Protein chains: 2
Amino acid sequence: MPARRGSSRPILFQDSDDMRLSRYFMPTLRETPKEAEIVSHRLMLRAGLVRQESAGIYAWLPLGLRVLERVCAVIRREQDRSGAIEILMPTVQSAELWRESGRYDAYGKEMLRLKDRHEREMLYGPTAEEMVTEIFRASVRSYKDLPKNLYQISWKFRDEVRPRFGTMRSREFLMKDAYSFDFDQAGARHAYNRMFVAYLRTFAGLGLKAIPMRADTGPIGGDLSHEFIILAKTGESEVFCDKAYLDFDIPPETVDFDDVAALQGIVDAWTSHYAATEEMHEPEAFAEVAEDSRLAARGIEVGHIFYFGTKYSEPMGAKVAGPDGIERPVHMGSYGIGPSRLVAAIIEASHDEAGIIWPDSVAPFDVALINLKVGDAGTDAACAQIQSDLETAGLSVLYDDRDERPGAKFATADLIGLPWQVIVGPKGLAEGKVELKRRAGGERESLAIVDLLARIRRV
Amino acid sequence: MPARRGSSRPILFQDSDDMRLSRYFMPTLRETPKEAEIVSHRLMLRAGLVRQESAGIYAWLPLGLRVLERVCAVIRREQDRSGAIEILMPTVQSAELWRESGRYDAYGKEMLRLKDRHEREMLYGPTAEEMVTEIFRASVRSYKDLPKNLYQISWKFRDEVRPRFGTMRSREFLMKDAYSFDFDQAGARHAYNRMFVAYLRTFAGLGLKAIPMRADTGPIGGDLSHEFIILAKTGESEVFCDKAYLDFDIPPETVDFDDVAALQGIVDAWTSHYAATEEMHEPEAFAEVAEDSRLAARGIEVGHIFYFGTKYSEPMGAKVAGPDGIERPVHMGSYGIGPSRLVAAIIEASHDEAGIIWPDSVAPFDVALINLKVGDAGTDAACAQIQSDLETAGLSVLYDDRDERPGAKFATADLIGLPWQVIVGPKGLAEGKVELKRRAGGERESLAIVDLLARIRRV
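Under an unreviewed UniProt entry, the name given to chain A is Proline--tRNA ligase, and the source organism is Methylobacterium oryzae CBMB20. According to the UniProt record, the Function (unreviewed entry) comment for chain A reads "Catalyzes the attachment of proline to tRNA(Pro) in a two-step reaction: proline is first activated by ATP to form Pro-AMP and then transferred to the acceptor end of tRNA(Pro)." Under the UniProt heading Catalytic activity (unreviewed entry), the entry covering chain A gives this text: "tRNA(Pro) + L-proline + ATP = L-prolyl-tRNA(Pro) + AMP + diphosphate".

Caption draft 1: Structural context of the packing of aromatic side chains. Considering all chains together, one arrives at 35 aromatic pairs over all chains under this definition. Between B:Phe203 and B:Phe228, the ring centres sit 5.8 Å apart and the planes meet at 35°, which makes this aromatic pair tilted. Taken as a pair, B:Phe203 in helix α6 (residues 185-205) and B:Phe228 in strand β11 (residues 225-231) lie far apart in primary sequence, 25 residues in all. The pair formed by B:Phe203 and B:Phe228 is uniform in burial state, with each residue classed as buried. Judged by centre distance (6.0 Å) and plane angle (15°), the rings of B:Tyr245 and B:Trp270 are stacked. Residue B:Tyr245 is located in the loop between β12 (237-242) and α7 (260-270), and its partner B:Trp270 is located in helix α7; the two are separated by 25 residues in the primary sequence. A single burial state applies to B:Tyr245 and to B:Trp270, both of which are buried. What links up through ring pairs into an aromatic cluster is the set A:Tyr124, A:Phe157, B:Tyr124 and B:Phe157.

Caption draft 2: Just the pairing of strand β23 (residues 433-438) of chain B, in detail. Residues and elements named next belong to chain B. In the sheet, strand β22 (residues 420-424) pairs with β23 via 4 bridges, with the strands oriented antiparallel. Residue glutamine 421 lies in a different strand from β23, and its bridge partner there is lysine 437. Alignment of β23 against strand β24 (residues 444-448), held across 5 bridges, turns out to be antiparallel. Pairing of lysine 437 across the sheet is with arginine 444, part of β24. Taking the residues that link successive antiparallel strands as the turn, the β23-β24 hairpin has 5 residues, and the phi of glycine 442 there is positive, at about 85°.

Caption draft 3: Local environment of the sheet that holds β23(B). Residues and elements named next belong to chain B. Reading across from one edge, β1-β21-β20-β22-β23-β24 is the order of the 6 strands in this open sheet, with mixed pairing throughout. Strands at the two margins of the open sheet, each flanked by one partner only, are β1 (19-20) and β24. Examined bridge by bridge, strand β20 (residues 367-371) and β22 share 5 bridges and lie parallel to one another. Note that in β22 the partner of valine 367 across the bridge is tryptophan 420. Sheet contacts for helix α12 (residues 406-416): β20, β21 (397-400), β22 and β23; angle to β20, the most-contacted strand, approximately 175°.

Caption draft 4: Representation of the sheet that holds strand β6 (residues 112-115) of chain A. Residues and elements named next belong to chain A. Spatially, β5-β7-β6 is the arrangement adopted by the 3 strands of the open sheet, whose pairing is antiparallel. Pairing within the sheet leaves two strands with one partner each, and these edge strands are β5 (92-94) and β6. Put simply, the sheet's adjacent strands are angled 40° from each other on average, direction ignored.

Caption draft 5: Structural context of the domain arrangement of chain A. Residues and elements named next belong to chain A. Taken domain by domain, chain A consists of domain 1 (21-89 + 128-356) and domain 2 (367-455). One C-alpha centre belongs to domain 1, the other to domain 2, and the line joining them spans 37 Å. Each partner contributes residues to the interface: domain 1 has 14 residues there, and domain 2 has 12 residues. Roughly 1100 Å² of surface becomes buried between domain 1 and domain 2 when both sides are summed, with 60% attributable to carbon and sulfur atoms. On the domain 1 side of the interface with domain 2, the three residues burying the most area are Leu21, Ala354 and Ile356, jointly 44% of the side's total. Our count for the contact surface shared by domain 1 and domain 2 stands at 1 salt bridge.

Caption draft 6: Seen up close, helix α1 (residues 39-46) of chain A. All names here are of chain A. The buried fraction of α1 is high, at 7 of 8 residues. Looking at α1, one finds that the buried residues are Val39, Ser40, His41, Leu43, Met44, Leu45 and Arg46. Looking at the packing, one finds that the buried side of α1 touches β2 (50-54), β3 (57-60), α10 (339-349), β18 (351-352), β19 (355-356) and α12 (406-416). Phi turns positive one or two residues past the end of α1, at glycine 48, with a value near 70°.

Caption draft 7: Region of the structure containing the nonpolar core. Core analysis: the biggest nonpolar cluster contains 254 residues, and A:Phe203, A:Trp358, B:Phe203, B:Trp358 and B:Leu398 have the highest contact counts within it. Not counting the four nearest positions on each side in its chain, A:Phe203 is found in contact with A:Leu208, A:Ala210, A:Phe228, A:Val302, A:Gly303, A:Ile337 and A:Leu342.

Caption draft 8: View of the environment of B:Gly205. Residues and elements named next belong to chain B. Along the chain, glycine 205 falls in helix α6. Expressed as a C-alpha distance, the spacing of glycine 205 and proline 359, which sit 154 residues apart in the sequence, is 9.4 Å. With residues up to four places along the chain from it excluded, the contact list for glycine 205 reads Val74, Arg77 and Ser361.

Caption draft 9: Highlighting α12(B). Taken together, the buried positions of α12(B) are occupied by B:Ala408, B:Lys409, B:Thr412, B:Ala413, B:Asp414, B:Leu415 and B:Ile416. Within two residues after α12(B), B:Gly417 carries a phi angle of roughly 70°, on the positive side.

Caption draft 10: Structural context of the environment of A:Ser396. Residues and elements named next belong to chain A. The topology assignment puts serine 396 in the loop between α11 (377-392) and β21 (397-400). Using a relative accessible area of 1% as the deciding quantity, one classes serine 396 as buried. In this structure the C-alpha to C-alpha distance between serine 396 and alanine 363, which are 33 residues apart in sequence, comes to 9.6 Å.

Caption draft 11: Spatial organisation of the pattern of salt bridges. A full pass over the atoms with the stated rule returns 61 salt bridges over all chains. Across the salt bridge formed by B:Glu129 and B:Arg103, the nearest N and O atoms sit 2.9 Å from each other. Highlighted residues: B:Glu129 in helix α5 (residues 129-137) and B:Arg103 in helix α4 (residues 103-106), separated in sequence by 26 residues. By the burial criterion, B:Glu129 is buried, and B:Arg103 matches it. One salt bridge in this structure joins B:Asp159 and B:Arg171, with 2.7 Å as the shortest N-O distance. With a gap of 12 residues between them, B:Asp159 in the loop between β8 (148-157) and β9 (172-182) and B:Arg171 in the loop between β8 and β9 connect regions that are remote in the sequence. Across the pair, exposure class does not vary: B:Asp159 and B:Arg171 are buried alike. One connected set of salt bridges, linked through shared partners, spans A:Arg77, A:Glu78, A:Arg81, A:Arg201 and A:Glu253.

Caption draft 12: The arrangement of the packing of helix α2 (residues 62-81) of chain B against α6(B) in detail. Residue and element names in this part refer to chain B. Packing of α2 against α6 leaves a shortest axis separation of 9 Å and a crossing angle of 150°. It follows that α2 is roughly antiparallel to α6 by the angle criterion. As for the relative orientation of α2 and α6, their crossing is right-handed in sense. On α6, the residues that touch Val74, Ile75, Arg77, Glu78, Gln79 and Arg81 of α2 are Met195, Ala198, Tyr199, Arg201, Thr202 and Gly205.

Scoring rules and cut-offs
- Residues numbered from 1 in each chain as written.
- Chains lettered and ligands numbered in written order.
- Predicted model: local features only at pLDDT ≥ 70, side-chain atom pairs only at ≥ 80, totals over all residues.
- Heavy atoms only, no water.
- UniProt positions renumbered as here; feature names shortened; annotations may be inferred.
- Phe/Tyr/Trp six-rings, centres within 6.5 Å; stacked < 30°, edge-to-face > 60°.
- Helix = DSSP H or I, 4+ residues; strand = E, 2+ residues; numbered from the N terminus.
- Buried < 20%, exposed > 50% of the residue type's maximum accessible area, 1.4 Å probe, protein only.
- Pairing = 2+ DSSP bridges.
- Contact = heavy atoms within 4.5 Å.
- Axes fitted to C-alpha atoms, helices over the stretch in contact; angles between N-to-C directions.
- Domains from an automatic or database assignment.
- Buried area = accessible area lost by both parts, 1.4 Å probe.
- Salt bridge = Lys/Arg side-chain N within 4 Å of Asp/Glu carboxyl O.
- Core = buried A, V, L, I, M, F, W, Y, C linked by side-chain atoms within 4.5 Å.
- Parallel < 35°, antiparallel > 145°, perpendicular 65-115°, else oblique.
- Left-handed = near helix turned anticlockwise from the far one by under 90°.

See below:
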């Protein structure tokens, strides 16, 4: 399963949408919703990204859905590049399947169990190890067909006893779950390293700094379990690591996912320094890190990769014949990222008092185009021209053509956090200028319409 | 809500995937599965598009998922173009919401009901009129904010008593459901016409001939309910229509969705001749159609659009203030297309003895590249060159690099039905030629590698 050349699918929405706020559906809130305890939850509700429909269950409104899809596009691009193949399993699974692995009874109340009209026991999948193992064993027979890594991006349900924190910890949530199948442990380690590297690239592609931290492997043992943690002041748990990681380079697009030694080298480097979550923290080992390199901070888990050997393949009979003709259970690993959680995590890591600051790669639109005097022929024409120019160049534009005061438009633009704001009014136009504001730093500059595109592209 | 200029998102997969069959996951079956009663079900199982996980519940394997996503891309493009805005509602809904409309008790056993850990009554949504009405009423207050049309593409569940026919009639199925909100009936009619035209374009874009047929409006009455039916010998029901429809032009990409009169004209034309499903059939009216224009055939329902007035807005209190300041319940319609059903319907309409014949617009890959002598340096190099050339030009290629007999490769290529087959062997290459086969008509021609691209593009 080699790297896929020039992978992969185009990022969505790099097209011309001609989206005007007067016709869009973006129900922003002026007041901070009381129920929201953390900043991402507050901002997602205020900016009209999501709406709660039941406890821990959210509808994704247009702006939020665009972010969610862009997050998925980055994940998908890196999964494809690493050689994983996309499938889509159903949400409703049969209890029978989970009895094969013994998890139907072991799984607690977080599993949403249900019965169909024929009283058959079913469940809303919280994960899919059993089902993917069933799919694998139904057709793969020989070591020659390995390695394989099958992934999906699909909705899962975990019936949390007290759902909160918005989409950071919802009951119905989107998950990218990948499952690798290898003939032996050495193969499985390479599969693990592939996902390790793909995850480094994924989080960097989302504008995040994620640090892999050793995680508990439970009864399986070994060192093949890592959580990917992003640092955010409002993070859910305490993490400890060597600051050296903050300056590490991300593996480049050209990385060869078939090169066993190269991938092992990257993984070795990224696990060479101290990094641990609260559960795995060893104060004595941390004390050995040079004092000015020690970083104790808050973190949010955004990914988890895990090798679990033959835990499912053995009881479920997922075996392949080796070169000697003898059948052995395959070695498996699973690899998860939660896109709906990531949208919240990105906001936790990137916001200010005024609202969200989207990284360029996941912003729902690239540019907020603000018309300061709707109805003024010159201003309207300039806005139409700018929208057309930017969209032709492949940028997406949300045009605020509402009949509102400038102050309200500025507040909305800051709240929804598009990377660029282009502000167009009669005063500036009289001098042939419009204003360009970068949301992240707040820098503003006045420039001619013809220079706009080059300036935005330069970043 | 005007037409969106230059809409919309790019079709997926028009990229270079470097997909080799030796590494892909495409578990084809040699034998025809016994349980499959209809041809699309048989072919979907045999070509490895889907796998049944429970009765009426399917996993989408890589090839099938690519088709499903391309079907969705066409649907989405036309929904966006017509001015509808995409959202995504959760699959699990609260019973409370359905009690507001009175449907919780009225809906029969097809509704999959469940209870969460706190014994709250929930359900797996079979449709979403209630939820979208709740989302609408929470933020829209004035007629100035109308019209609105919100759509989603999401998994639904209907607990059919006897699921069969594969994804044509599955329990867990994908549905595009759109919901329009208008201030009055005239507005709602225009919203209806928008979807009517969008549907005509959607089915044509999928390579299908769909005919709108008047459907039962139930207690609402009126003429604003149509089913879109495609003709297929193996269709589920009998339909009757005037052959004139078969030659009707599809509204062009440039159609102005804001032009009330133009859309009404299109709808009038497309409803001017006789067309009826079994339930609505009036033999006397049909007898008035000129005899050589009468068509009685089998059909498959692939879409349904429906105006239902204030059926939900009234009991659920979804009101907006008019110009006079008085609040009135909004007029609504809903508009459904089932992408997972469409994949099967497309196969019913387009296959032969050897397998599937995908229309170009939904094929999982554009080209099957068949290497007749894997391991031969010249043949391998020619295949690598062809794959690279075609992918650089934006075509997607599935490269059969397996160590298999030519006969098996041809059979696989015919079964999975990619629009083009490029056949590369040492004999042809000795003369500087490869063979190109069009799956649909079976025509073969011998040509130089450099001419391949121009030939494929000419279609």
